[in-house]
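Chain residues, written in single-letter form:
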Amino acid sequence: MTAPERRGTITVSARAVRRIAGRAVTEALPGRAARATGSSAAVSGGRAEVAVDVALPYPARLTPTVRRVQDHVTARTGELTGLDVRTARVGVTALTPDRTTEPARTTEPDGVPAPGGRVPRRWWAQRRLPLGVLTLLATLTCGALATDLILVHTGHRPAALWRTGALHWLYVHGPGEPLTAAALGCVLLGVWLIVLAVTPGRRGLLTAHSPAPATRVALDRGAVAALLRDTAAGTEGVDAVAVRVRRRRATVRAALVFGDRAAVRDQITDAARRALAECGLRRPLRLRVAVRPLPVWAPPPAEAAPTPLGAVAPAGGS
């Protein structure tokens, strides 16, 4: 019989250790939203060093949760590999809402929004481009004016030509000259800024109810249109589908190749309503479905009426 020391050796690769450590992260918090986003391992002889990046559930106490993951990854990796695993290094890269905890209710059982869980009707835009342009212009203007005033009062230098020239031009020209056009431009700019301030913007987004507390969800109208298009295209007899989603209404137009027109329309309507219900939109869209037969379409043949019991069917001619 071959001696034990001559029967061969088992080598555990770093790749296997890395995968085992990543799997152990999900085992550390069973039923919770914990997962490994990255891992690394180094094996030297009978020892191994492991490092994992994890996404942990939120809300949760971070320090005890990380320690629990660290202990479990270290123990589980050593148990499955037979290696002497040093204390694993754990890095937290993300926090994800814990689905096991009951979120704040945004709706009552009958579908009415619950108090304190109000979802905004529209998604407000941050207006980064107009705000950035105005901030830049205001900064340059105020900075140039402040620099010139400082140089005049501290450096005893004469006022800049652009400032004295502007004041002289404004003093000489009256309101009936090009100054009127500049004033009109300022008025239009002010009206535009007021419109931006009182309107939400982002017309392409539809707000939806969120199962997680303090989380806002919005769906792009293009994504909703693609969902309705795929739903309608799966109906038998439909060749092409065109969908248009607005803020309050969704229109589905289908081209019919074969089949009963009314039945196909009912199928598309039911499927589209289910798809919209699954989206959880705060303001349900009004659905309109139109089915247009193509030139190659022919109405389905009418089914023959069943022969009454006891009646004699007419003999067919040979």
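Treat the numbers as computed from the prediction; the structure is a model and nothing was measured.

Brief notes about the overall build of the chain
Piece 1. A count of helices and strands for the chain gives seven helices and nine strands.
Piece 2. Counting only residues that meet the buried cut, the chain has 23% of its 318 residues in that class.
Piece 3. A separation of at least 24 residues holds for 62% of the contacts in the chain among residues at least 6 apart in sequence.
Piece 4. When the accessible surface of the chain is split by element, carbon and sulfur atoms take 59% of a total near 21,900 Å².

Here we look at the nonpolar core
Piece 1. Leu228, Val245, Val252, Ile268 and Leu285 are the most contacted members of the largest nonpolar core, which has 24 residues in total.
Piece 2. Among the elements that make up this core, the one with the highest residue count is helix H7 (residues 261-279) (six residues).
Piece 3. Those residues in contact with leucine 285 that sit more than four places away from it in its chain are Leu206, Val224, Val245, Arg246, Arg247, Arg248, Arg249, Ala250 and Leu276.
Piece 4. Among the nonpolar cores identified, the runner-up in size contains 18 residues, and Val17, Leu29, Ala48 and Leu56 belong to it.

Comments concerning a positive patch on the surface
Piece 1. The grouping of Arg244, Arg246, Arg248, Arg249, Arg253, Arg265, Arg273, Arg286 and Arg288 at the surface amounts to a positive patch.
Piece 2. Breaking the positive patch down by element, the ones donating at least two residues are strand S8 (249-256), H7 and strand S9 (286-293).
Piece 3. Here arginine 249 shows up in strand S8.

Some points on a nonpolar patch on the surface
Piece 1. Taken together, Leu184, Val187, Leu188, Val191 and Val195 make up a surface patch of nonpolar side chains, about 450 Å² in accessible area.
Piece 2. For valine 195, the position within the fold is in helix H5 (residues 179-198).

Here's the deal with the confidence of the model for the chain
Piece 1. The share of residues in the chain with pLDDT of 70 or more is 78%, and the mean pLDDT across the chain is 78.
Piece 2. Low pLDDT, under 50, characterises residues 101-117; the stretch is placed with 19 contacts to residues that sit more than four places away or in other chains.

Regarding helix H3 (residues 128-154)
Piece 1. With 27 residues, H3 should cover 39 Å at 1.5 Å per step; its first-to-last C-alpha distance of 37 Å lies within 8% of that length.
Piece 2. One or two residues past the end of H3 sits histidine 156, with phi positive at roughly 55 degrees.

Observations regarding the sheet that holds strand S7 (residues 238-245)
Piece 1. Spatially, the three strands line up as an open sheet ordered S7-S8-S9, and their pairing is mixed. Pairing within the sheet leaves two strands with one partner each, and these edge strands are S7 and S9. Pairwise comparison of adjacent strand axes, ignoring direction, gives a mean angle of 15 degrees for this sheet.
Piece 2. In this sheet, S8 lies alongside S7 in antiparallel orientation, the contact comprising seven bridges. Note that in S8 the partner of arginine 244 across the bridge is threonine 251.

Structural notes on the pairing of strand S2 (residues 47-58)
Piece 1. In terms of strand pairing, strand S1 (residues 35-44) meets S2 through nine bridges, oriented antiparallel. Each bridged residue has a counterpart across the sheet, and for alanine 42 the counterpart in S2 is glutamate 49.
Piece 2. Here S1 hands over to S2 after two residues, with glycine 45 in that stretch at a positive phi of 65 degrees.
Piece 3. Strand direction decides the pairing type here: S2 and strand S3 (residues 84-85), joined by two bridges, are parallel. The residue bridging arginine 47 from the neighbouring strand is aspartate 84, located in S3.
Piece 4. Judged from the eight bridges that link them, S2 and strand S4 (residues 89-97) form a sheet pairing that is parallel. Each bridged residue has a counterpart across the sheet, and for aspartate 53 the counterpart in S4 is glycine 91.

Scoring rules and cut-offs
Residues numbered from 1 in each chain as written. Predicted model: local features only at pLDDT ≥ 70, side-chain atom pairs only at ≥ 80, totals over all residues. Heavy atoms only, no water. Helix = DSSP H or I, 4+ residues; strand = E, 2+ residues; numbered from the N terminus. Buried < 20%, exposed > 50% of the residue type's maximum accessible area, 1.4 Å probe, protein only. Contact = heavy atoms within 4.5 Å. Areas by Shrake-Rupley, 256 points an atom, 1.4 Å probe, with all protein chains shown as cover. Core = buried A, V, L, I, M, F, W, Y, C linked by side-chain atoms within 4.5 Å. Patch = residues over 30% accessible without salt bridge, like charges linked within 9 Å, V, L, I, M, F, W, Y side chains within 5 Å. Salt bridge = Lys/Arg side-chain N within 4 Å of Asp/Glu carboxyl O. Lys, Arg positive; Asp, Glu negative; His and termini not counted. Charge placed at Lys NZ, Arg CZ, Asp CG, Glu CD. pLDDT = per-residue confidence, 0-100. Expected span 1.5 Å × (residues − 1). Pairing = 2+ DSSP bridges. Axes fitted to C-alpha atoms, helices over the stretch in contact; angles between N-to-C directions.

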